[in-house]
Amino acid sequence: MSAEGPSLARRRVMMALPLAGAGVVGAAFWGMLSGMQKGSFNPHDINAPSTGRPVPDFAVTDQTPGVGFSSHDLQAITTPVLINFFASWCIPCIAEMPQLLKLRDRLPIWGIAYKDKPDNAAGFLRHAGNPYARIGSDFEGRVAIDWGVSGVPESFLIAPGGKIVWHGAAGLNNDEVQNALDAALGQTKR
Amino acid sequence: MFQRGRHASVALAAMLFLAPVLASAVDDPSEMLPDPKQEAQAEAIGSQLRCLVCQNESIEDSSAGLARDLRKVVREHVAKGESQQQVIAWMVSRYGDFIRLSPPVTVATLLLWGMPALALLAGIIGAVVIFRKKPQAAPLTDEERARLEELSRER
């Protein structure tokens, strides 16, 4: 009896277990990949710590064709402002530009050129359009680190008084990101 | 996310071709601190910090621009005489726990850290259950008993 080895039922379980395991892993990967396509899953959307905090101490120098700003300017705002990190070398930044140009009518946008030569950033805004009320240059990329930025484009919604109330680590041309921003904006106005 | 993707793929290609040649991707020797003791400390800290562009590489291993900037920051803090905890806390306050390649033990990560012990325990329990359930031999039928007696008598 024992010479027959494991029973048929047990052998079937042993056959099925690795297959079931591979199936679960496959389903999980499929979920992640389709989520990345739809925008509901973003592996780069990593930093929660900045939300709910005051803006970090910083200052960015003037970037043609705009005027730079600092944490003091953000602490003094009386209506919400969107901070948008961008760069001329960043393709998703071009893709979100039409959205920013539409958004600026109802929400002032202050831009920060991230690790970008001032001439290149100025040329980019000449061609793609300029949605920014104020523009600063962060050529060294050090201001971005204080904000917890890991790439461009990234946007932060600042409430009056200089508090960060929302952060998005993807282009605003994505519907889910846009909806999240609108929801956060609605809350600051309430 | 083009920039990130491009950095990641460039880093991947570089890794594939240069991995045997380059142990560390500190691109430029001028990045290194003059004091070898401090440089060693900075490397020890940097190897615990995730490059947020390539995500599974430490900032010491990555050649992404952000990794280079973060390496510079780490070295500035080390040169000022800050401890490992202080530098890592500075990073975590900006990028969250995700920047640590080894997550801290919190309520949220308890299951993660406890998993090896839980897996071992599950294995032991499984083994005990399986080995206890040794198949019992079926009692002999009348026929078999008669045959057994016959065989024993022949001796």
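Preceding block: the structure.
Let me sum up the structure you'll find in this document.

About the criteria used
Residues numbered from 1 in each chain as written. Chains lettered and ligands numbered in written order. Predicted model: local features only at pLDDT ≥ 70, side-chain atom pairs only at ≥ 80, totals over all residues. Helix = DSSP H or I, 4+ residues; strand = E, 2+ residues; numbered from the N terminus. Buried ≥ 20, exposed ≤ 12 C-beta atoms within 10 Å, placed from the backbone. Arc of directions from axis to C-beta. Contact = placed C-beta atoms within 7 Å. Pairing = 2+ DSSP bridges. Axes fitted to C-alpha atoms, helices over the stretch in contact; angles between N-to-C directions. Parallel < 35°, antiparallel > 145°, perpendicular 65-115°, else oblique. Left-handed = near helix turned anticlockwise from the far one by under 90°. Nonpolar A, V, L, I, M, F, W, Y, C, P; charged D, E, K, R; others polar.

Of regular secondary structure, chain B possesses six helices and zero strands. Listed N to C, the secondary structure of chain B is α-α-α-α-α-α in terms of helices and strands. Expressed as a percentage of its 155 residues, the buried residues of chain B come to 23%.

Quick look at helix H4 (residues 118–128) of chain A now. Residue and element names in this part refer to chain A. All of the buried residues in H4 are Ala121, Phe124 and Leu125. What you see down the axis of H4 is that its buried residues fit within an arc of 95°, all on one side. Exposed and facing more than 90 degrees away from the buried side of H4 are Asp119, Arg126 and His127. Packing partners of the buried residues in H4 comprise strand E4 (109–114) and strand E5 (134–138). Once H4 ends, the next one or two residues include glycine 129, with phi positive near 100°.

We now examine the sheet that holds E4 of chain A. Residues and elements named next belong to chain A. Read from one edge of the open sheet, seven strands run E2-E1-E5-E4-E3-E6-E7, paired in mixed fashion. With one partner strand each, in any of the chains shown, strand E2 (69–70) and strand E7 (163–168) form the two edges of the open sheet. Note that strand E1 (residues 59–62) and E2 share two bridges and pair antiparallel. Looking at E2, one finds that alanine 59 is bridged to serine 70. Where helix H6 (residues 175–189) meets the sheet, it contacts strand E6 (154–159) and E7, and its direction lies at approximately 165° from that of E7.

Let's shift gears to the packing of helix H2 (residues 36–46) of chain B against helix H3 (residues 65–79) of chain B. Residues and elements named next belong to chain B. Put simply, H2 and H3 touch, their axes get as near as 9 Å, and they point 135° apart. Here H3 runs oblique to H2, going by the angle between their axes. Regarding H2 and H3, the two cross each other, and that crossing is right-handed. The residues of H3 that touch H2, namely those facing Gln38, Gln41, Ala42, Ile45 and Gly46, are Arg71, Val74, Arg75, Val78 and Ala79. Here the contact of H2 with H3 is composed, by residue class, of five nonpolar, three polar and two charged.

Read these as layout, nothing more, since geometry by itself doesn't imply function.
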